[in-house]
Every structure is written in C-alpha cells, then in structure tokens.
Amino acid sequence: MKVCKFGGSSLANAAQLNKVIDIVFADPARRIVVVSAPGKRHSGDTKVTDLLITLADTALKGENTDRQFGAVVERYAEIAQELHLGDEIIREIEHDLMDRLAQVASLGKAEFMDLMKAAGEDNNAKLVAVAVAARGKKARYASPKDTGMVLMGEFGDAQLDPSSYARLSRAFSNFDGIVIYPGFFGYTKEGKVATFPRGGSDITGSILAAAVCADVYENFTDVDSVYPVDPRIVPDVKEGIPTMTYREMRELAYAGFGVFNDDAVIPAVRARIPINIRNTNHPSEPGTMIQQSRRVVPGTVVGIASADNFCNIVVDKYLMNREIGFGRRLLQVLENEGVAYEHMPSGVDSQCVIIKDQYLPKEKEHRVVQAIKRELNPDNVLVERDITIIMVVGEGMCYTSGMFAKACLALASAGINISMVNQGSSEVSFMLAIRSKDRDMAVQSLYKAFFS
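Only a predicted model underlies this, so the values are computations on that prediction, with no experimental measurement involved.

Draft legend 1. Expanded view of the overall build of the chain. For the chain, the count of helices and strands is 14 helices and 17 strands. Over its C-alpha trace the chain gives a radius of gyration of 24 Å, about what one expects of a compact globule, namely 22 Å for 452 residues. Along the first, second and third principal axes, the C-alpha atoms of the chain reach 75 × 50 × 45 Å. Each of the 452 residues in the chain was classed as buried or not, and the buried ones make up 52%.

Draft legend 2. View of the pattern of salt bridges. A complete count under the given rule lists 30 salt bridges for this structure. Across the salt bridge formed by Asp45 and Arg41, the nearest N and O atoms sit 2.6 Å from each other. The salt bridge partner of Arg385 is Glu365, with a shortest N-O separation of 2.8 Å. Residue Arg385 is found in strand β15 (residues 380–393), and its partner Glu365 is found in helix α12 (residues 362–376); the two are separated by 20 residues along the sequence. On the basis of relative accessibility, which here comes to 16%, the residue Glu365 falls in the buried class. Here the residues in one salt-bridge network are Lys2, Asp27, Arg30, Glu218 and Arg278, joined through shared partners.

Draft legend 3. Main features of the packing of helix α1 (residues 14–26) against helix α5 (residues 109–134). Running from amino to carboxyl end, α1 crosses α5 at an angle of 65°, the nearest separation of the two axes being 11 Å. In the packing of α1 onto α5, the handedness of the crossing is right-handed. Residues Leu17, Ile21 and Phe25 of α1 lie in contact with α5, whose contacting residues are Leu127, Val128, Ala131 and Val132. Its residues assigned to classes, the contact of α1 with α5 comprises seven nonpolar, no polar and no charged.

Draft legend 4. Seen up close, helix α4 (residues 88–101). Spanning 14 residues, α4 covers 20 Å between terminal C-alpha atoms, matching the ideal 20 Å at 1.5 Å per step. Residues Ile89, Ile90, Ile93, Asp96, Leu97, Arg100 and Leu101 constitute the buried set of α4. Around the axis of α4, the buried residues are gathered within 135° of arc, so they sit on the same side. Facing away from the buried side of α4, by more than 90 degrees, are the exposed residues Glu88 and Asp99. Those residues of α4 hidden inside the fold are in contact with α2 (48–60), α3 (66–82) and α5.

Draft legend 5. Here's a closer look at the side chain of His343. Turning to its location among the elements, His343 is positioned in the loop between α11 (326–336) and β14 (350–356). The buried category is assigned to His343, whose relative accessible area is 11%. A distance of 3.3 Å separates a polar atom in the side chain of His343 from a polar atom in the side chain of Asn422. Filtering out sequence-adjacent residues up to four positions away, His343 remains in contact with Tyr254, Cys352, Val353, Ile354, Ile389, Asn422 and Met431.

Draft legend 6. Geometry of the sheet that holds strand β12 (residues 288–291). One open sheet holds the eight strands; their spatial order is β3-β6-β2-β1-β9-β11-β12-β10, and the pairing between them is mixed. Every other strand in the sheet has two partners, leaving β3 (139–141) and β10 (243–245) as the edge strands with one partner each. Shown here is a sheet whose adjacent strand axes are inclined to one another by a mean of 20°, direction ignored. Strand direction decides the pairing type here: strand β1 (residues 2–6) and strand β2 (residues 30–35), joined by five bridges, are parallel.

The rules behind the values
Residues numbered from 1 in each chain as written. Predicted model: local features only at pLDDT ≥ 70, side-chain atom pairs only at ≥ 80, totals over all residues. Heavy atoms only, no water. Helix = DSSP H or I, 4+ residues; strand = E, 2+ residues; numbered from the N terminus. Rg over C-alpha atoms; globule rule 2.2 N^0.38 Å. Buried < 20%, exposed > 50% of the residue type's maximum accessible area, 1.4 Å probe, protein only. Salt bridge = Lys/Arg side-chain N within 4 Å of Asp/Glu carboxyl O. Axes fitted to C-alpha atoms, helices over the stretch in contact; angles between N-to-C directions. Left-handed = near helix turned anticlockwise from the far one by under 90°. Contact = heavy atoms within 4.5 Å. Nonpolar A, V, L, I, M, F, W, Y, C, P; charged D, E, K, R; others polar. Expected span 1.5 Å × (residues − 1). Arc of directions from axis to C-beta. Polar contact = N/O pair within 3.5 Å; in protein donor to acceptor, adjacent residues only side chain to side chain. Pairing = 2+ DSSP bridges.

Just geometry here; none of it tells us what the structure is for.
Okay, here's the thing in structure tokens:
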C-alpha cells in the first residue's frame, strides 16, 4: 500500500485535479491520498490558505466578511463547476465556512485562526472525494477527528500526540476504496482544531504512512526531483538526485531545501518507510527516493543548501575553558528567555551561539545580552546579524579527507570570508556561516567545486 500526498500546486484547478486522479488510478496501491488546500493557479494568484487567513483576520476585526468569504467559496466553486460535480458540495463548503466564522466570538485568536486555516484542506478533501467518485471509483473523505489524529502543543505549531499512531492504524485497518484525507491539521484532546506548522500536509502524509506501515510514501509536488542546489541560485543545475538517505534529506531540509518539510521526514524515518518525491505534471519521472541507506561513492556531495535570517551571539572571556559550567550557564540564559539555538561552536576563550533571527528580536536581544553579562561576567558580548548558513551534505564525505579544504578553497577563490564552521561527528555534513550578502556567490562557488 502507498500513501500519497499532493501539494497545493497539484490541486490548484480542475485540470490539475484531473491529473491527480489519473495518477491515483494508475496504481491500485495508492489507497490513501492526503491533500493540501488549493494553491496558486498562476504566479499572481493567491493560495486558498492565504485567502482564509485574510477572512479570519477580517472576522477578528469585527468587519464585514462577505467579500473575503466569497473569494474562498469561488475557488472551490470554480473547480467543482469545471468538473461538473453539482452544487451540493459547494453548499456543504459554504455551510462549513459559516459554522467556523460563527465561532469567532467564542474562541481565542490562535484557536480561531487554526480553525479557519484548516478549512482549506478539510473542504478540499471533501471536494476531491466527490471528484474521485464522479470518475467511477469508490472513494470517501476521512476526518482527522474520526480517525484519531490528536495533536498537542501550541496552536499553529502543534505536534502529534504519539498515542495517535495506534488509533490511526486501527482506523485504516478495515477500509476499501480510496481514502481522501485532509493534511495540515488535527484535533486536541479537548476537541479543538490545531494545525501543524505551515507546509504541514507533508507531516500528515508521513504520519499516515508510518501509522499504516505503507510500502512507500509518495510526495507529489511541482518538481521532477530534489535538486542538489537551489535552481534559483544556480540556474545551470539540470540533474536531480536519484536517491538520498534520510539524514541527508534532514540536513538539507533544515538549511532551506523547500521541496520537503524537514519535520515531515521524522515519522517516515522512524518507521523506515521510503519517501518518493515526484512531479504531478510529469508522473512518469521516477523522482527522488529517500531511504535508510544508499550506495555511496566516497568523496562525493549530494547537495548544498543555504538559509538566511540567522544571528550569532559571540561571548569572549579569557580562561573561559577553566570555568566549569560556563556553556551550561550560557544556555540557561537562553532557556530562561525562551530562545532555541541552532549551533554552538567554541574556541578556547570564546563561545558562539547561532540563533534564528525570529527567536531573538531586538527587545529580547537586550535582555539576553544583559543577562549574559550579569551571569557570566564576560570580557565582551557581541551580537552579529545578517548571517547565512550553508550546509554541504553527503554520506560520501564520511572518512574522506580534503572535503572541507575544497569548500574553503572555493570560497577563498571567490573572496568570501567564512565567519564560522561546525561539523557533526557523523561527518555527513558541515556548516559554514557567512555574511548574507555573499550567499549566492558562495553557493555558486561551492556547486562548481563539488559538482562540475
């Protein structure tokens, strides 16, 4: 059995939805289909999720929502009309949206926003189920609430309650036909709608694949495969990656590979289920297979990823290495302020902490710096912003000499200074920190060094 997930671009209009149905029908093993909300039909278009956010914001302000409500319904109506699905499904979607809007006064802002955002996937799953049935196959919509998709944590950034796996497994143990399942959201133990982070339909698909022990999790998007570098930065890149390991994908996704949500790798990894990235528009292409292991050529790199919007806290203190607990106390300061860190390279008399900008706004930065000075009595504390991190990733780097030297030579030849370096003990990747203004040139130079 296969679980397949289709992203918003694959479901943006009636023509795309027909392609999806053709793909599902082409393989009888595709029995669980996870869908996103309809995406952009063209470059200047707006995703349904964004339309729903605008609708929710308008309702929260107490303003008239007729225009925003109509814009959402029209997107679904356009698809239904082109596929000749009748008016009943549109009336059902209208009533669902009205019921959600009616709860604006009884829910907190975060709860209401999640309720409204989840309407995109939920209603699209109902529409897709009707469309599949209209093409002559037995299909049914399955609700995350009825199947036991229980989430915990904050609204808008929820995580799966691990006990959900057993419930989901039981829910899918006796079904026939094709199940259409909405991605992106679940329900709290109190019965309230909660969503995964943005792009959470990938997470839903991975969770279901793990729950039902699928043979493969197919993730259909709008690219033929995962490319070794961002084509927007290196337009010359042509060939995709045929196979890669779970940890290679995780490293690359962490540093900005937008093809796959990095959190979505985890459920499939733990269940050791292969993930196949494929293109809805070119279904004959094999795509990229992500699996537990692969044949590796020593001295090779699988990909180069980069991500902006990082900052660096540099703490200097002479004889720091003789102070027992210095690093722990530094991290305690960050923990007290609710700041998560990404990397923590150090020297004899200096300690660096790389943090995402969003976790250290200016007002919090002042409190953190003052707390570091008070708790650690350093010689100097400096916060550097406009930092980009670059990840060079590949199982082929393990136990191979000269890989880091090659990267340094490439950047030096381009006149790019490396602010910081960090390498994990697995040697499957190393991280380089540079100034954001040098990002494109750095990625291009590294790609030329490792892939030319």
